[in-house]
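# Report on the structure
Take a look at the letters that make up each chain.
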Amino acid sequence: MPELPEVETVRRGLAPVMENMTVLALETRRADLRFPFPEDFVARVSGRRIVGLGRRAKYLLIDLDDGMTIIAHLGMSGSFRIEQGGSSDLPGEFHHARSKDGKHDHVVFHLDSGDTACRVIYNDPRRFGFMHLWPRADLDLYPAFAGMGPEPTGNLLDADLLARKFEGRSQPLKNLLLDQTVIAGLGNIYVCEALWRAGLSPLRKGATLVTVTGKARPPLQLLTQSIRDVIADAIAAGGSSLRDHIQTDGSLGYFQHSFAVYDQEGQPCRREGCSGTIERVVQSGRSTFFCATCQK
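Criteria and cut-off values
- Residues numbered from 1 in each chain as written.
- Predicted model: local features only at pLDDT ≥ 70, side-chain atom pairs only at ≥ 80, totals over all residues.
- Heavy atoms only, no water.
- Helix = DSSP H or I, 4+ residues; strand = E, 2+ residues; numbered from the N terminus.
- Buried < 20%, exposed > 50% of the residue type's maximum accessible area, 1.4 Å probe, protein only.
- Contact = heavy atoms within 4.5 Å.
- Patch = residues over 30% accessible without salt bridge, like charges linked within 9 Å, V, L, I, M, F, W, Y side chains within 5 Å.
- Areas by Shrake-Rupley, 256 points an atom, 1.4 Å probe, with all protein chains shown as cover.
- Salt bridge = Lys/Arg side-chain N within 4 Å of Asp/Glu carboxyl O.
- 1 Å grid on protein atoms, 1.4 Å probe; cavity = no way out; pocket = protein on both sides within 12 Å on 5 of 7 lines; lining within 4 Å.
- Points joined across faces, edges and corners; volume = space filled by probe spheres on them.
- Nonpolar A, V, L, I, M, F, W, Y, C, P; charged D, E, K, R; others polar.
- Axes fitted to C-alpha atoms, helices over the stretch in contact; angles between N-to-C directions.
- Parallel < 35°, antiparallel > 145°, perpendicular 65-115°, else oblique.
- Left-handed = near helix turned anticlockwise from the far one by under 90°.
- UniProt positions renumbered as here; feature names shortened; annotations may be inferred.
- Polar contact = N/O pair within 3.5 Å; in protein donor to acceptor, adjacent residues only side chain to side chain.
- Pairing = 2+ DSSP bridges.

On to the overall build of the protein. In terms of helices and strands, the protein carries six helices and 10 strands. In the protein, which comprises 296 residues, the proportion classed as buried is 51%. Intrachain contacts of the protein at a sequence separation of at least 6 include 67% that bridge at least 24 residues.

The next thing to look at is a nonpolar patch on the surface. On the surface, a nonpolar cluster with roughly 290 Å² of combined accessible area is contributed by Met1, Met76 and Phe128. For Phe128, a relative accessible area of 39% corresponds to the partly exposed category.

Attention now goes to empty space enclosed by the protein. Applying the stated rule across the entire model yields one cavity of 30 Å³ or more. Taken as a whole, the largest cavity holds about 40 Å³ of empty space. Lining of the largest cavity is provided by Val7, Val10, Lys58, Leu60, Ala72, His73 and Leu74. Looking at the lining of the largest cavity, the elements that each hand over two or more residues are α1 (4-18) and β4 (68-73). For the lining of the largest cavity, the class distribution of residues is five nonpolar, one polar and one charged.

Turning our attention to the packing of helix α3 (residues 159-166) against helix α6 (residues 218-237). Between α3 and α6, whose axes approach to 9 Å, the crossing angle comes to 115 degrees. On the basis of the axis angle, α3 is roughly perpendicular to α6. Remark: the crossing between α3 and α6 carries right-handed chirality. Across from Ala159, Leu162, Ala163 and Phe166 in α3, the residues of α6 making contact are Leu220, Gln221, Leu223, Thr224 and Ile227. In terms of residue class, the contact of α3 with α6 is made up of seven nonpolar, two polar and no charged.

Using the residue numbers shown here, the UniProt feature "binding site: DNA" (unreviewed entry) corresponds to His104, Arg126 and Arg169. Tracing the sequence through the fold places His104 in the loop between β5 (79-84) and β6 (105-112). In this structure His104 comes out as buried when scored by relative accessible area, which is 18%. Examined against the element boundaries, Arg169 turns out to sit in the loop between α3 and α4 (173-178). Taking relative accessible area as the criterion, Arg169 reaches 24% and is therefore assigned partly exposed. Those residues within four positions of Arg169 in sequence are excluded, and the remaining contacts are Leu176, Asp179, Lys205, Gly206 and Ala207. A polar contact of 3.2 Å, which involves the side chain of Arg169, links it to the backbone oxygen of Lys165.

Before going further, it helps to examine the pattern of salt bridges. A complete count under the given rule lists 15 salt bridges for this structure. Of the charged contacts, one joins Arg30 and Asp32 as a salt bridge, the two residues approaching to 3.0 Å between their closest N and O atoms. With its nearest N and O atoms 3.5 Å apart, the salt bridge here joins Glu265 to Arg280. Taken as a pair, Glu265 in the loop between α6 and β9 (278-283) and Arg280 in strand β9 lie far apart in primary sequence, 15 residues in all. Within this structure, Glu8, Arg11, Arg12, Arg55, Arg56 and Glu151 form a network of salt bridges that share partners.

Next up on the list: the pairing of strand β10 (residues 286-291). Bridging between β9 and β10 involves six bridges; their strand directions are antiparallel. Counted as the bridge partner of Val281 is Thr288 from β10. Taken together, β9 and the strand that follows it, β10, pair antiparallel across an intervening segment of two residues, in which Ser284 is found at a positive phi of about 50 degrees.

Here we come to unusual backbone geometry. At Ala57, a residue that is not glycine, the phi angle is positive and equals roughly 55 degrees. You can see Ala57 is positioned in the loop between β2 (50-56) and β3 (59-64). Notably, Arg127 is not glycine yet its phi reads approximately 55 degrees, a positive angle. Summarising the element assignment, Arg127 is placed in the loop between β7 (117-123) and β8 (130-135).

For the rest of this paragraph, the subject is the packing of α1 against α6. Two numbers describe how α1 lies on α6: the axes approach to 9 Å, and their chain directions differ by 40 degrees. By the angle between their directions, the pair α1 and α6 is classed as oblique. As for how α1 packs across α6, the hand of that crossing is right-handed. For the pair α1 and α6, the contacting residues are Leu4, Pro5, Glu8, Thr9 and Arg12 in the first and Ile231, Ala234 and Ile235 in the second. Along the lines of polarity and charge, the residues of the contact of α1 with α6 split into five nonpolar, one polar and two charged.

Printed below as a string of structure tokens:
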């Protein structure tokens, strides 16, 4: 499942092509993806101008000039392809096979800014992705966003906020950080990496990082910064590119090559001076990778 940095990479790749463009026509080649398309989806989007592209957690937001927003989720295998200049060949180096089978091209945005025309194609072999329409002014009421925590890249995330979230909580840190009401958009990969950077065990109880007066202990300050840093590094590298994820220009990110713990079971710990080995345990049905020697 693409995580926040992957979705942000897609947003940044699509923004120069889609923003301020008019949707001459929207083409849907089936009745549904994971869920049915919104009622009258084609008619409501065709003719509209795209005023901006945003992101909330792992959701792509396509803002239209009538105040509506297309909320798109990539699912497990969804990707966007940009076709311009009469060619569908995209720049970039491919390290994993990408679906080019037209039967998986389910949604096509035909765009025109007046002097430039292009097509943005959504391809999804497994069809776990989806698209919804929602009023921009009421995005906080969208079911997936209701009660969602702050963005890990935003100004609202700080150690004091996490202290309030962790106070009195006996759940392991890994579980708390995957809780979307604590922080929006954090997924398994980057939680493992952030905890390693902070030197904190994923099995440690959240409450142990908070003082009896509800203040953040120093390790929680470090964890907060580690979350920010690991997400920023992943976005800069273009996402992890695990399995089906592809950037919109066809290339793949390379942050996966700098993973310290994720999917590194049995490898020596990369922390300087640590003689430990990366282990894997299962928490709430998900693999957790960590070093029991230096993560306490």
